[in-house]
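Examination of the molecular architecture
Here is how the chains run, residue by residue.
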Amino acid sequence: MSRIRIMTERCKGCETCNVACPVGILKMSESLNAQGYHYSMVDDPSRCLGCRLCAISCPDLAIEVFAEGAHYRFFAYESESR
Amino acid sequence: MSRIRIMTERCKGCETCNVACPVGILKMSESLNAQGYHYSMVDDPSRCLGCRLCAISCPDLAIEVFAEGAHYRFFAYESESR
Amino acid sequence: MKGNEAIAEAAIRAGCLHFFGYPITPQSEIPEYLSRRLPELGGCYVQSESEVATSHMIYGAAGVGTKVMTSSSSPGISLMAEGISYLAGAELPVVIVNIMRAGPGLGGILPAQSDYAQTTRGMAHGDFRLIALAPASVQEAVDLTILAFDLAEKYRTPVILAGDGVIGQMMEPVVLPEATVGPPLKADDWALTGCVGRKPRKVSSMFLDPDELNAHNFKLKARFAEIARNETRFEAYACDEPLDLLVTSFGISARICRSAVDAARSEGLKVGLFRPITISPFPMDALREIIGRSQRVLDVEMNTGQMLHDVEMAAQGRCPIDFFGRCGGLIPSAEGILEQIRASLAQLPKGGVP
Amino acid sequence: MKGNEAIAEAAIRAGCLHFFGYPITPQSEIPEYLSRRLPELGGCYVQSESEVATSHMIYGAAGVGTKVMTSSSSPGISLMAEGISYLAGAELPVVIVNIMRAGPGLGGILPAQSDYAQTTRGMAHGDFRLIALAPASVQEAVDLTILAFDLAEKYRTPVILAGDGVIGQMMEPVVLPEATVGPPLKADDWALTGCVGRKPRKVSSMFLDPDELNAHNFKLKARFAEIARNETRFEAYACDEPLDLLVTSFGISARICRSAVDAARSEGLKVGLFRPITISPFPMDALREIIGRSQRVLDVEMNTGQMLHDVEMAAQGRCPIDFFGRCGGLIPSAEGILEQIRASLAQLPKGGVP
Amino acid sequence: MMKPTTEILLAGFGGHGMLLSGRLLAQAAMEMGSQVSWLPAYGPEMRGGTANVAVCIARDQVGSPYVECPHILVAMNAPSFDKFAPKVKPDGLIVYNEGLVPNPKQRADCTALCVNAQEVAIAAGNIRAANLVMLGVLVGATELVSDDAVIAAIESEFAAKARFIPVNVAAYRAGVAHGKDGRCAQSA
Amino acid sequence: MMKPTTEILLAGFGGHGMLLSGRLLAQAAMEMGSQVSWLPAYGPEMRGGTANVAVCIARDQVGSPYVECPHILVAMNAPSFDKFAPKVKPDGLIVYNEGLVPNPKQRADCTALCVNAQEVAIAAGNIRAANLVMLGVLVGATELVSDDAVIAAIESEFAAKARFIPVNVAAYRAGVAHGKDGRCAQSA
Amino acid sequence: MNKVFSYADALIRKPFHYCPGCTHGTIHRLIAEVIDELGIRERVVGISPVGCAVFILDYLRCDMFQASHGRAPAVATGAKRCRPDLVVFTYQGDGDLAAIGTSEIVHAANRGERITVFFVNNAVYGMTGGQMAPTSVPGQRTTTTPHGRNTETDGYPVNMSEMLAALHTPAYIARVSMHAPKEIIAARHVVKKAFEHQLAGRCFSFVEFLSTCPTNWGMTPVESLRWLEKEMLPYFPLGEIKVPPADDTGGRMP
Amino acid sequence: MNKVFSYADALIRKPFHYCPGCTHGTIHRLIAEVIDELGIRERVVGISPVGCAVFILDYLRCDMFQASHGRAPAVATGAKRCRPDLVVFTYQGDGDLAAIGTSEIVHAANRGERITVFFVNNAVYGMTGGQMAPTSVPGQRTTTTPHGRNTETDGYPVNMSEMLAALHTPAYIARVSMHAPKEIIAARHVVKKAFEHQLAGRCFSFVEFLSTCPTNWGMTPVESLRWLEKEMLPYFPLGEIKVPPADDTGGRMP
Ligand SMILES: Cc1ncc(C[n+]2csc(CCOP(=O)(O)OP(=O)(O)O)c2C)c(N)n1
Ligand SMILES: Cc1ncc(C[n+]2csc(CCOP(=O)(O)OP(=O)(O)O)c2C)c(N)n1
Ligand code: SF4
Ligand code: SF4
Ligand code: SF4
Ligand code: SF4
Ligand code: SF4
Ligand code: SF4
Ligand SMILES: [Mg+2]
Ligand SMILES: [Mg+2]
């Protein structure tokens, strides 16, 4: 089980995460945040892989990713040593 | 028949022509010119090939080369068109 | 028209079809405008790799007899220092626009007048002074741009158009000269154009013989004196009668002062305004004369007090001088200046304040 | 010791073990000397790719808390203009030696004093003034080099040592401080040294908030006023009594004037000499006081009249000022100055000339 | 309300288009024979941050183009309102966007006019034309310039993208109607 | 001949080594407790062209290090002689190299001393030590400094190339002998 | 649940002022993450350019210089030569590094300064409003090339990585891109390598990032990712362009 | 007998002030000869550098600029853009072109200015008295590298020709040498080609000459020819480094 948290107020609505998500579960909000942007939202949280691609692509550090237990790493991002 | 003319007063005694001459007929003077340099001299004019290598090498334009009639060109220097 | 665009168009009307420059806020509309227009007119716009290069590109352009301009803003002008010294030494006519912003260093990008001392005195190494013109409105920016080309050609010298971010960014209606493209540079007797049928020429600032260089420098000095005699320009506003307070200011801050002076006069205060248009050569005599019949002076600048030095020079200690400066991108308001006018008048020993 | 070498060694004695510079006549002995000595002492000599780069290398060096120096000559100093403005804006203590030569442009490589206006007023864009020290002998070059480091550290400002080709090239005996290597820079409270156990710091001249930049500029102005109060230095030679003629001059030309003044006094002429040692801040009050009791002033410079402006400022029109300038590499001789002294005295309405 | 010089400050966020509103106003006034100046206050950032513009309209010469204390303020959002409303000259006019200025601190000595600019703009066809609504309110309330002149300015501004002209004109007209109405006006 | 300041000009071509002669003189004077200055006039070219140096020796402070009218001129060649001899102060001394100054235009009001520096140098072992010969003549004639001081200066100058010391010292001594001799002297 | 992706400590938790979709933010984050990972934050001195990224000054939690336009490598040289124990990097845009700062970058590389350079190539002058950069691609419209970059008058884009790689001295030169997650992941490894070379005492490491400028390109952020891939990659091929020889032990290359 | 070798008309008959054996003179002559041969003397504007060769100003019988140190390519850009009919060349030393003027040469090359650049690399700052140049070779003693150029602190010699050839735009780049008559002869052909490219409207041609500085190298002229061959050639290989494609018709390269 994995999930992401989008810090709506940091989001600038660039949609980069939307196109990055391999399972296509991200979409943009109808409403605006305080900065005046449509923000990113998770459409179907249950399908989240925890792959981190959305967070890795977000230029504004608006996404955090959480995973249950020993998370399966799809690819090396940080060094394993960390 | 070929011959060179060394403009003694332009010569700065660098000896570049001496080492350039394929037949080794150039040497430096004992006496000094007005600039205070030993200048280049032709030792055995009769052996001059008219090859122009001395003049081509002289950094101070102190050498002119003359040749009889249709001068045999050992190599292309100026373009033929000239 | 926006000030920067007006300057760009004025240059074309003055006959300048060649521009070399490097982007910098707040003057980028000048190169942007010219990058569109000049190729259409058969001229060229070249975006240089730096202001150092720019200053030498215009050296090459002017040296082959071309009317040429560049523009930049404060840090970019500093990078041109060496080049400007070469231009002055080789007596090349070029126009350099400085849309000043706040310094020192990177400072900020908001308007300021912080390059007055550099522009009028110490632009670079060596003995030379330049002509520098300071407009107070978009229309004047147009007129002075055209004048700059004339003076550059007439005296064979670089000319600085010393504007600021306000002039560059503001929009006002302007009247432009009728001619769409002005005449080319007259440079037949000195430009490098290929030595067909004449002796080869040199464009150089090198004089290895000290006597020659000494003579060259004194020649440049004499020429600047001639410029000072012929070309000094200023505006003396409401200065006809004896004044309780003379306000001195240049460029956009003078424009704001004018509103404050109007307000003060409408209150019956005897206040006038002196604005040098040529900040170099500085209208020293004219200012001295007016100060001679003023009780007090208030100098207003968008810096920490640079023209102040010239005002003090003109005053020769004959009356007290107050200074009101806002800088770093702050613009003094007419209200603020009016307050300062009242404060200055309050210092007067007797009379003056009704 | 040769002037340039003496300056180089003095820098070491002041504790400067890091030098960045680009070759230029007539100061090349400074980098040559230091390229030999500094690595031996565990410091570094880096030959930069240009003076533009140099001015930013010393920015980096000073920013990490290092005593650092560069040296150059006129055109090279112009190329440092932007960098110097950044150094001033970021308040970094560095010493910049300018062994002036004749300009403008390439000019010549012989000695001159043609960067006075640049050094003291318009070094670059933005509101700032620097300390500038002008030595008249090799010994003084040593002393002022050491002082330059002290002042730079004390006031966190770039300091210019304004020498000229004569000072750089001449040899005279000198006394150096005993310490072989002076103390390092005190910069614990502001330098970038890695943020171990403290908050991260910045070294920057950027202030995007105009209020902050305004305040910064007025702070720098106040600091310069403080420097003017505390650090102004000059030599008033034979100026105790009322004078028929006061000679004003700085640097090496003042040294030559001194011989001329000696000769004049030995003829019984009432002549004195005023020499600013800090050409910036200029000893305005001291000079004004002496001019107050002088009949006439003769300003002597190796340029077309740059300090003249400050002398006029001090005189406030109270007495006539003559100017005697040789430039382009010409050096005025004591004999020539003496003649000029006599000519000036001959202008006096009455008395003065025996 | 016409003074020798009328000083107007239009303020909002970077993307709000207040600079354009100001330019249209200046353009219209110029066409009508007035002297004008238009001076933006720009920031280093490409986006975000407040963006405001001073427009001066005078019969003769414009004195200072820099306006610290305007006769009229047009404020698109709260930061702009909060920053500039206190500086409006006594007896001045404040036009603000009630949609983005939830708690306006009213001035007793000024006239205030408000409108929900975004709402009106949406009704006119495009939320992004809110700046034209604000301009309309200003002109409707003051009659500083004629509607024809403004509409001509809009048409020349959008000459290259003519499809945007109708919605902008509609938004402007809707604003004018509000302005004439004097909705939510409260006088001193 | 000792004035409060003695001003000496040593002049020649670039390669002649007059700058070195001047430095040795200044060094020696300094060792003997005088104040000195040494000021070369340099040109842009690495080679060729005249090269000259002004040395001032004073009991107290040296005034101007720049010498236009010297008390003493040491001229290695004709251009140097022609340029500077007319500027020597009345009652001054002119030392010149008769080998390279074929037609000296004598000054009636100065003392002149001449030597064939290259010849003497060749005799001493190396034509390139001619500059030391000239220095020797100067010192021999004026006793401005002691021989010991000059020789010490030579030794420290050539410390790194010690093999050149003997020939330079020999050339210097030969010059001194000529100077004491006052050969070809003619007084005013 | 465990956080498996979050802020780097070396980043100050302040929203970026960059335009939506601007990949300067992503690059800042990569650098901060690697600084954290290598545990060098307290030894780092970074140097910000003049350009949009001047504000990196405010985002990194380490000592920072602000350098003048183009001169960051000179500032870095001064800093590192005087304090070799510091880890020094510059962060520069294409106007900054590839135009006005050409001399400084070439000579810092050629002297082999032991610094790391992050070069953000977005093919345009971002901060000043979208003028042509030396790296703008042929045909690219900018505010100073209204009809697109014309190679007849403006030449081809300058390829700094290859140009610097033609020098003998520098140790490590690589080009990465921000246009897709997998490239960002690759970039992170390259950033780490670059710092590691400096930590190992090797001279000059250089990373070129292909980056977007949606605002000045006049595109949406997602369009600009596509444009980068399609228009820039042909002129700026990705990969490691110069690496130290395998037997290198930390000094100069032979 | 016929004169088969003499002065070029484009050379003013005034003795060079250069030191004995300095090959600046030879290079001047080659350029003058080619100008004569191409019959372009009256269309030529040359640009002299700051360096020993500043005096080329006095030796060539054509219009001449004196440019500031390193900026000759910028001056050439200004001149050629305004007067495309002129034949514009610069003549620059290694301090001038490869140090202070790096930006100007890189960008003139990259914009594809239609000029010809003659770059005289003598591995030292000649005029100012023999300081290290960016092209000084490892171990070379100069007045600022008393123990020889140390690659650990000063890096390796900068190879300008290869570096510029890494750019896409420039048309022609070649390196020649003055150390032997046959190289001088080869150089003359290269000089001619370079001018011909400009005359054909091709952009940017560049010739690097390896040259001697006997004075500052502290050698006899003949020794310095040998030293050049032995010490410089390994770092600066001779030959044509970049040539326009065979089907090039005079415009940009594709
Ligand atoms: C000396 C100088 N010249 C010009 C400028 C103006 N300027 C600021 S940022 C910039 C270019 C920014 O482009 P780039 O380096 O590509 O960075 P980006 O904003 O695209 O990230 C310029 C030209 C300046 N500040 N200083
Ligand atoms: C701005 C500036 N910096 C430095 C100098 C001093 N300078 C004159 S020539 C020169 C270098 C000459 O070297 P190079 O270009 O290699 O030419 P060379 O004399 O070796 O032919 C230098 C540094 C100068 N004149 N201007
Ligand atoms: S972690 Fe992966 S799967 Fe989950 S939302 Fe992000 S990109 Fe999609
Ligand atoms: S990438 Fe980040 S800023 Fe962009 S839409 Fe997604 S969460 Fe928002
Ligand atoms: S022409 Fe040839 S053979 Fe004759 S002297 Fe010259 S080099 Fe020797
Ligand atoms: S090459 Fe020329 S200058 Fe040298 S020795 Fe021969 S003739 Fe004389
Ligand atoms: S202008 Fe371009 S580079 Fe700058 S922040 Fe915006 S998108 Fe990024
Ligand atoms: S110093 Fe060197 S480059 Fe200059 S003229 Fe002499 S030998 Fe030639
Ligand atoms: Mg960019
Ligand atoms: Mg060289």
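Residues numbered from 1 in each chain as written. Chains lettered and ligands numbered in written order. Predicted model: local features only at pLDDT ≥ 70, side-chain atom pairs only at ≥ 80, totals over all residues. Heavy atoms only, no water.

1. A short note on the overall build of chain G
In terms of regular secondary structure, chain G is built from 10 helices and 10 strands. Relative to a compact globule of 254 residues, whose C-alpha radius of gyration would be 18 Å, chain G shows 17 Å and is just as compact. Overall, chain G is about 50 × 50 × 30 Å in size when its C-alpha atoms are taken along their principal axes. Here chain G holds 254 residues, and 74% of them are scored as buried. Put simply, 69% of the contacts in chain G that link residues at least 6 apart link residues at least 24 apart. A total of about 6,400 Å² of accessible surface is found on chain G, and carbon and sulfur atoms cover 54% of it. Across chain G, the centroid of the 25 positively charged side chains sits 3 Å from that of the 24 negatively charged ones. (Helix = DSSP H or I, 4+ residues; strand = E, 2+ residues; numbered from the N terminus. Rg over C-alpha atoms; globule rule 2.2 N^0.38 Å. Buried < 20%, exposed > 50% of the residue type's maximum accessible area, 1.4 Å probe, protein only. Contact = heavy atoms within 4.5 Å. Areas by Shrake-Rupley, 256 points an atom, 1.4 Å probe, with all protein chains shown as cover. Lys, Arg positive; Asp, Glu negative; His and termini not counted. Charge placed at Lys NZ, Arg CZ, Asp CG, Glu CD.)

2. Quick notes on the relation of the copies chain D and chain C
One chain copy maps onto the other through a rotation about an axis and a shift parallel to that axis. Superposing chain D onto chain C takes a rotation of 180° plus a shift of 0.0 Å along the axis, which leaves an RMSD of 0.0 Å. What we have between these two chains is a two-fold relation. Interface overlap between copies: 100% of the residues of chain D at the interface are likewise at the interface in chain C, consistent with a symmetric, same-surface contact. (Least-squares fit on C-alpha atoms with pLDDT ≥ 70 in both.)

3. So, the pattern of salt bridges
Evaluation of the coordinates by the stated rule reveals 92 salt bridges over all chains. Residues Lys 12 of chain A and Asp 60 of chain A are paired through a salt bridge, measuring 2.7 Å at the closest nitrogen-oxygen approach. In this pair, Lys 12 of chain A is assigned in the loop between strand 1 (2–6) and helix 1 (16–20) and Asp 60 of chain A in the loop between helix 2 (53–57) and strand 4 (63–67), connecting sequence segments 48 residues apart. When its relative accessible area of 5% is taken as the criterion, Asp 60 of chain A is described as buried. Among the salt bridges present, the one from Asp 43 of chain A reaches Lys 27 of chain A, with a minimum N-O distance of 3.5 Å. Here Lys 27 of chain A lies in strand 2 (residues 26–32) and Asp 43 of chain A lies in the loop between strand 3 (38–42) and helix 2, a separation of 16 residues in the sequence. Residue classification places Asp 43 of chain A among the partly exposed residues on the basis of a relative accessible area of 48%. Taken together, the shared-partner salt bridges in this structure form one network comprising Arg 29, Glu 33, Glu 37, Arg 188, Lys 192 and Glu 196 of chain G. (Salt bridge = Lys/Arg side-chain N within 4 Å of Asp/Glu carboxyl O.)

4. A few points about the sheet that holds strand 1 (residues 2–5) of chain G
Here we have three strands laid out as an open sheet, ordered 1(A)-4(A)-1(G), and antiparallel in their pairing. The open sheet has two edge strands, strand 1 of chain A together with strand 1 of chain G, and neither has a second partner. When strand polarity is set aside, the average angle formed by the axes of neighbouring strands in this sheet is 35°. Here three bridges tie strand 4 of chain A to strand 1 of chain G, and the two strands are oriented antiparallel to one another. Looking across to strand 1 of chain G, one finds that Phe 66 of chain A is bridged to Lys 3 of chain G. (Pairing = 2+ DSSP bridges. Axes fitted to C-alpha atoms, helices over the stretch in contact; angles between N-to-C directions.)

5. Focus: the site of ligand 3
Taken together, Ile 4, Cys 21, Pro 22, Val 23, Ile 25, Cys 48, Leu 49, Gly 50, Cys 51, Arg 52 and Cys 54 of chain A make up the full set of residues adjacent to ligand 3. Residues belonging to the shell around ligand 3 are distributed by class as follows: nine nonpolar, one polar and one charged. (Near = heavy atom within 4 Å. Nonpolar A, V, L, I, M, F, W, Y, C, P; charged D, E, K, R; others polar.)

6. Remarks on the interface of chain D and chain C
The partner chain C presents 58 residues to the 58 residues of chain D that form the contact. In total, about 4,900 Å² of surface goes out of reach between chain D and chain C, with carbon and sulfur atoms giving 61% of it. Considering only the side of chain D, the residues that lose the most area to chain C are Pro 104, His 125 and Asp 127 of chain D, jointly responsible for 14% of the buried surface there. Linking chain D to chain C there are zero salt bridges. Inspection of the chain D/chain C interface yields 29 residue pairs in polar contact (both at pLDDT 80 or more). Of all elements in the fold, only helix 4 (74–79), helix 5 (81–89), helix 6 (116–120), helix 9 (210–231), helix 12 (307–315) and strand 13 (321–325) of chain D reach the threshold of two or more residues within the side of chain D that touches chain C. A per-element tally of the side of chain D that touches chain C places helix 9 of chain D first, with eight residues. (Buried area = accessible area lost by both parts, 1.4 Å probe. Polar contact = N/O pair within 3.5 Å; in protein donor to acceptor, adjacent residues only side chain to side chain.)

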